[in-house]
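Structural features, examined
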Amino acid sequence: MLRNLIIAVIAVVSSLSGAVAQQSGYYLTIDQVPNSKDLLPPPPDTASARFAYDVEQYEWGKSLRDTPRGDLAADDAELGDAGLTAAFSEAFGIDITPENTPEVYRLITGMREDAGDLSTRHAKNYYMRTRPYIFFNEDTCVPDAQAGLAGNGSYPSGHTAKAWATALILAELNPARQDAILKRGFEMGQSRVICGYHFQSDVDAGRIVGSGVVARLHADDAFNRQLKKAKKEMTKLIKKGLVK
């Protein structure tokens, strides 16, 4: 009887651990996502035309910081669960919250770090590209986050990968709003250039690995189960006229 009790306790703990892991934002493991180091070319050499474009885009971004677009870029820097879902809510046609859209919210927050962390980790760690605000020795649009990101490689952009992957899934859930959703996801990547946290080539590469992780997520059973729930939820919300 004691043995059976121990086994039951272990099963409960394993189940809770799995739930915690899911809440932490991972469907996949680092070995399951596309290897960003193998997928991407190296970041531009500083003597290249591609880097000259990076510099041009950096200056473009700086010119927008004291504008409403710069304010939006600063807001886009916060892409935790609440920040990510809030950023897409207007484009998606309904506030993405645990109360309004629990299954959609669970799907998006569940894949957040698959897209933002795992998809970019190999290339980030290998190249450890210097971020533009360090390269140019200038502040970003959100200076409070600079110290924490100084040791994190700039290439590719994790924020961009996360935003673009989220946009692709939300566009799948609500195709009637796909243009607005995809535009918003694209803008969130450009916000990293405007803020000075990433070069344009980091952002471009982030979209590639974000797309790659979405393809891999569609081969994952747990993700597909949650995607099915989210689609069913959206069907009901649309029928009720709760989605714009």
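Before any of the text, the structure's been laid out above.
It should be emphasised that the depicted structure is a prediction, and the values quoted were computed from it without experimental measurement. (Residues numbered from 1 in each chain as written. Predicted model: local features only at pLDDT ≥ 70, side-chain atom pairs only at ≥ 80, totals over all residues. Heavy atoms only, no water.)

**Things to note about the overall build of the protein**
Threshold: Only runs of H or I of at least four residues qualify as helices and only runs of E of at least two qualify as strands under DSSP, and these elements are numbered from the N terminus. Burial here depends on accessible area, computed with a 1.4 Å probe over protein chains only, as a share of the maximum for the residue type. Under 20% is buried, over 50% is exposed, and the range in between is partly exposed. Only heavy atoms matter for contacts: two residues are in contact if any of them lie within 4.5 Å across the pair. Areas reported here follow the Shrake-Rupley algorithm with a probe of radius 1.4 Å; residue values treat only the protein chains shown as occluding.
From N to C terminus, the protein includes 12 helices and zero strands. The N-to-C order of helical and strand elements in the protein reads α-α-α-α-α-α-α-α-α-α-α-α. Counting the 244 residues in the protein, one finds 46% classified as buried. Relative to all contacts within the protein whose residues are 6 or more apart in sequence, the contacts with residues 24 or more apart total 82%. If you sum the accessible surface of the protein, you get close to 12,000 Å²; carbon and sulfur atoms cover 56% of it.

**Points about unusual backbone geometry**
Omega for the peptide link from Y155 to P156 comes to -5 degrees, which places this bond in the cis form. A positive phi is found at M128, a non-glycine position, where the angle reads about 45 degrees. Inspection of the secondary structure assignment puts M128 in the loop between α6 (102-127) and α7 (132-135).

**Overview of the packing of aromatic side chains**
Each aromatic ring pair is characterised by the separation of its centres together with the angle its planes make. Heads up, the condition is: Classification of ring pairs uses Phe, Tyr and Trp, with its six-membered ring standing for Trp, and accepts pairs whose centres are within 6.5 Å; under 30 degrees between planes counts as stacked, over 60 as edge-to-face, and the remaining range as tilted. Both a distance and an angle decide whether a charge sits over a ring: NZ of Lys or CZ of Arg must be within 6 Å of the ring centre and within 35 degrees of the ring normal.
Throughout the structure, instances matching the rule amount to 10 aromatic pairs. Seen in terms of ring centroids, F135 and F136 are 5.0 Å apart; in terms of plane orientation they differ by 80 degrees. Their pairing is edge-to-face. We classify F135 as partly exposed; its relative accessible area is 42%. Look at F136 and you get partly exposed, because its relative accessible area is 24%. An aromatic cluster of at least three residues, connected via ring pairs, comprises F51, Y58, F135, F136 and F199. Its end group placed over the ring of F186, R207 keeps NZ or CZ at 3.8 Å from the ring centre.

**Observations regarding the packing of α6 against helix α11 (residues 200-217)**
This is how the line gets drawn: Every angle, taken between N-to-C directions, lies between 0 and 180 degrees, and every axis is a line fitted to C-alpha atoms, over only the stretch in contact when it is a helix. Small angles under 35 degrees read as roughly parallel and large ones over 145 as roughly antiparallel, with 65 to 115 read as roughly perpendicular and the rest as oblique. Handedness of a helix crossing follows the sense of rotation of the near helix relative to the far helix, less than a right angle counterclockwise being left-handed and clockwise being right-handed. We call Asp, Glu, Lys and Arg charged. Ala, Val, Leu, Ile, Met, Phe, Trp, Tyr, Cys and Pro are nonpolar, and the rest, Gly among them, are polar.
Orientation of α6 relative to α11, taken along the N-to-C sense of each, is 125 degrees, at an axis distance of 9 Å. One element, α6, and the other, α11, form an angle in the oblique class. Viewed along their axes, α6 and α11 form a crossing whose handedness is right-handed. Together, M111, D114, A115, S119 and T120 of α6 and V209, V213 and L217 of α11 make up the contact between the two elements. In the contact of α6 with α11, the residues fall into five nonpolar, two polar and one charged.

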